[in-house]
Amino acid sequence: MPYRYLEDIAIADVAFEAWGATREELFSAAADALMNVMVEDLTAIRRVAELTVSLEDSDLEFLLFNFLNELVFYKDSRRLLLRVSSLAITLQGDLFSLQASLYGEEADRLRPSLNADVKAVTMHRFKVEQTEKGWRASVVLDI
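Residues numbered from 1 in each chain as written. Predicted model: local features only at pLDDT ≥ 70, side-chain atom pairs only at ≥ 80, totals over all residues. Heavy atoms only, no water.

K.L.:
Got a sec to walk through the overall build of the chain? Specific residues and values, please.
P.N.:
In terms of helices and strands, the chain carries 2 helices and 7 strands. For the chain, the N- to C-terminal ordering of α and β elements is β-β-α-β-α-β-β-β-β. Over its C-alpha atoms the chain spans a radius of gyration of 14 Å, differing by no more than 12% from the 15 Å that the globule rule assigns to 143 residues. With the C-alpha coordinates aligned to their principal axes, the bounding extent of the chain is approximately 45 × 35 × 25 Å. Going through the 143 residues of the chain one by one, you find that 46% of them count as buried. Long-range pairs, those at least 24 residues apart, make up 65% of the contacts in the chain with a sequence separation of at least 6. For the chain, the accessible area works out to roughly 7700 Å², and carbon and sulfur atoms hold 47% of it. Computing the positive centroid from 15 side-chain charges and the negative centroid from 24, the chain places the two 4 Å apart. (Helix = DSSP H or I, 4+ residues; strand = E, 2+ residues; numbered from the N terminus. Rg over C-alpha atoms; globule rule 2.2 N^0.38 Å. Buried < 20%, exposed > 50% of the residue type's maximum accessible area, 1.4 Å probe, protein only. Contact = heavy atoms within 4.5 Å. Areas by Shrake-Rupley, 256 points an atom, 1.4 Å probe, with all protein chains shown as cover. Lys, Arg positive; Asp, Glu negative; His and termini not counted. Charge placed at Lys NZ, Arg CZ, Asp CG, Glu CD.)

Structural data, given as structure tokens:
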């Protein structure tokens, strides 16, 4: 599991740290960590719906922030619980571009088993950094 939940970071919120050898692995791990706050068993999310997300930003931190909030948006607007099936990040000039293929299903009270409801990704202690082993992010979610 390329993420862990952090205790005592924020009261009434959930914080996690995600990591990966590449930017793509980091973004996928962060997406799973966010979804795992809402769904007990990520493998229970079925491939009923598929969609593509395209985002751009000149800052990698804001790209991750926007990507995670996009997942929350789809949960709120279309009741979709989504996982990453593939993700690519490219840098052209000073602009990062993200292309992600997502799959999932509509949230239901009975299936899959739901936990907390994530309202938003916050900027509180939000950080993306390159390390000797790859990439790491710290994220606080408003629940």
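Text resumes after the structure shown.
K.L.:
Can you tell me about the packing of helix α1 (residues 23-38) against helix α2 (residues 60-78), naming the residues and giving the values?
P.N.:
Between α1 and α2, whose axes approach to 11 Å, the crossing angle comes to 35 degrees. Handedness of the crossing formed by α1 with α2: right-handed. Of the residues in α2, those touching α1 at Arg23, Phe27, Ala30, Ala31, Leu34 and Met38 are Leu60, Leu63, Leu64, Phe67, Leu68, Leu71, Val72 and Lys75. A breakdown of the residues in the contact of α1 with α2 according to their chemical character gives 12 nonpolar, no polar and 2 charged. (Axes fitted to C-alpha atoms, helices over the stretch in contact; angles between N-to-C directions. Left-handed = near helix turned anticlockwise from the far one by under 90°. Nonpolar A, V, L, I, M, F, W, Y, C, P; charged D, E, K, R; others polar.)

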